[in-house]
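# Report on the structure
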Amino acid sequence: MQQQGAVPIHFNIVGKGPEYEKLVALTNDLNLNGHVTFHDFKTGKDLDVVYEENDVAIGTLGFHRIGITNSSSLKNREYFARGLPIVLSTNDLDMPATLPFVKYLPEGEEPIAIGEVVKYAQRVYQTPDLNYVIRSYAEEHISWKSKTKTVLEYLSRHVKPSVETKKFKIYS
């Protein structure tokens, strides 16, 4: 199935969601078993191993089916926290297309041009210390601490403290 000179691709799919049976059947029908591994639900060190084996994360691609036009998927944030570049289709305000480690694909039911994803991965991995760069971005812009800071800054500008609340505090 692989074209001569093509970059080998392997998909790791973790968990068993509502599309699991369809994905397994499609993998079998297309004779792609050597290119796809289905994992049961994983956490902790078992999930760490899967993350460490991968170069690119595929984020949420099907939100258009349920009318979601802006995403804040925890899965996407986990990928960033792990330092993985990501491929998305639904807009995520925390992951603008201007970031070199974010690749947006068109929403819809058309097959994904895997060659585009491979070119993206090859380009983005030319960035020195890429995983560190992504994790740093996540800490600064997506972490709980950074989000809470934004909320507290807004509250301090727009909410008049009552007698009981002289100042906002956060512990992390």
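Parameters at a glance
- Residues numbered from 1 in each chain as written.
- Predicted model: local features only at pLDDT ≥ 70, side-chain atom pairs only at ≥ 80, totals over all residues.
- Heavy atoms only, no water.
- Helix = DSSP H or I, 4+ residues; strand = E, 2+ residues; numbered from the N terminus.
- Buried < 20%, exposed > 50% of the residue type's maximum accessible area, 1.4 Å probe, protein only.
- Contact = heavy atoms within 4.5 Å.
- Pairing = 2+ DSSP bridges.

## Considering the side chain of Arg 77
On the secondary structure map, Arg 77 appears in helix α3 (residues 74-81). By relative accessible area, which is 13% here, Arg 77 ends up buried. The contacts of Arg 77, once residues within four sequence positions are left out, are Ser 71, Ser 72, Asp 92, Asp 94, Met 95 and Ile 142.

## Observations concerning the environment of Asp 55
Its place among the elements puts Asp 55 in the loop between α2 (44-52) and β3 (57-58). In this structure the C-alpha to C-alpha distance between Asp 55 and Gln 122, which are 67 residues apart in sequence, comes to 9.9 Å. Apart from residues no more than four positions distant in its own chain, Asp 55 is found in contact with Leu 84, Pro 85 and Tyr 125.

## Describing the sheet that holds strand β5 (residues 102-104)
By definition, the strands of a sheet pair up through backbone hydrogen bonds, in either a parallel or an antiparallel sense. Spatially, the three strands line up as an open sheet ordered β3-β4-β5, and their pairing is parallel. Each edge of the open sheet is held by one strand with a lone partner, namely β3 and β5. Where β3 meets strand β4 (residues 86-88), two bridges bridge the pair, whose relative direction is parallel. In the sheet register, Ala 57 faces β4, and the bridge partner there is Ile 86.

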